[in-house]
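Report on the structure
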Amino acid sequence: MDILTLIPSQLSTLFFLTICGILIRFSLVFSGQYWANTYHHLATYMLLPGIAYVITTVIANNIALSLGMIGALSIVRFRHPVRSPFELTIFFALITIGIAASVNLNYAFLLIILVIFVIFGILVFQKIFYKVGLSIYQPSFNEGSSKNLVNLKSSGVIKEIENCKNLSSFFYSKDTNTCEYNLIFENRRDTHEFLNKYKDVDLVISCRTSFEA
């Protein structure tokens, strides 16, 4: 079966499943479930329905392959220290690509395209939304990737920083009238822009920065 024959049906199904994953994720965030508002959850919700579709399609009529898939997934899940749902999804995708290639190379090709499109697509759309002051996900300390971190202490509240979308945590001491802000930035340029804007403000006591490797 040629790859072109898959485009009208299988490719449209993959697109539909990806959109369904996005809608479920945004429904969770809209309803106040902010644990889903990270890069890892967004990518996971976009990839997992399509991955499940491909693997169930290629092993549907093969009992031996189905049992082997269960064993492979069990090894990944219980023998490896998985740090996030996205990491587990990528392992699942890699296994599925290998199995799909042995049954039908076209399905493996489609899944590779889906994974690459989601990874780079999220990056591109985040940059586009960021330029207009919006974000499709919030940075997180425990997503498995290093970030540009800023710890700023001030002798009083700085309202503009409190409303900053990069603010991850905030501490205020009434006894000493001091504030401590922890912020996460996606890149060094935004980090430097923030530092240049606030390092000379009179209320700022200290500013500590940790750049990504």
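Residues numbered from 1 in each chain as written. Predicted model: local features only at pLDDT ≥ 70, side-chain atom pairs only at ≥ 80, totals over all residues. Heavy atoms only, no water.

**Description of the sheet that holds strand β3 (residues 178-185)**
Strand order across the open sheet formed by four strands is β2-β3-β1-β4, with antiparallel pairing between neighbours. The sheet is open, and its two borders are formed by β2 (167-173) and β4 (204-210), each paired with just one other strand. Ignoring which end each strand starts from, the neighbouring axes of this sheet average 10° apart. Of the strand pairs in this sheet, strand β1 (residues 148-154) and β4 are connected by six bridges, and their pairing is antiparallel. The residue bridging serine 154 from the neighbouring strand is valine 204, located in β4. Contacting β1, β3 and β4, helix α7 (residues 188-198) crosses the sheet at an angle of about 15° to β1. (Pairing = 2+ DSSP bridges. Helix = DSSP H or I, 4+ residues; strand = E, 2+ residues; numbered from the N terminus. Axes fitted to C-alpha atoms, helices over the stretch in contact; angles between N-to-C directions. Contact = heavy atoms within 4.5 Å.)

**Remarks on a nonpolar patch on the surface**
A contiguous nonpolar surface patch, about 550 Å² in accessible area, is contributed by Val124, Phe125, Ile128, Phe129, Val132 and Leu134. Within the fold, leucine 134 resides in the loop between α5 (105-131) and β1. We classify leucine 134 as partly exposed; its relative accessible area is 46%. (Patch = residues over 30% accessible without salt bridge, like charges linked within 9 Å, V, L, I, M, F, W, Y side chains within 5 Å. Areas by Shrake-Rupley, 256 points an atom, 1.4 Å probe, with all protein chains shown as cover. Salt bridge = Lys/Arg side-chain N within 4 Å of Asp/Glu carboxyl O. Buried < 20%, exposed > 50% of the residue type's maximum accessible area, 1.4 Å probe, protein only.)

**Quick look at the side chain of asparagine 166**
The topology assignment puts asparagine 166 in the loop between α6 (159-162) and β2. When sequence neighbours within four positions are dropped, the list of residues in contact with asparagine 166 reads Tyr130, Asn182, Leu183, Ile184 and Phe185.

**Here we look at the pattern of salt bridges**
This model, assessed by the stated rule, comprises three salt bridges. Between lysine 159 and glutamate 162 there is a salt bridge, and its shortest N-O distance comes to 3.9 Å. Pair noted here: lysine 159 and glutamate 162 are both in helix α6, with a separation of three residues, about one helical turn. The class of lysine 159 is exposed, set by a relative accessible area of 57%. Using a relative accessible area of 27% as the deciding quantity, one classes glutamate 162 as partly exposed. Across the pair lysine 197 and glutamate 160 runs a salt bridge, and its minimum N-O distance is 2.6 Å. Here the residue lysine 197 occupies a position in helix α7, and glutamate 160 occupies one in helix α6, the gap between them amounting to 37 residues. We classify lysine 197 as partly exposed; its relative accessible area is 49%.

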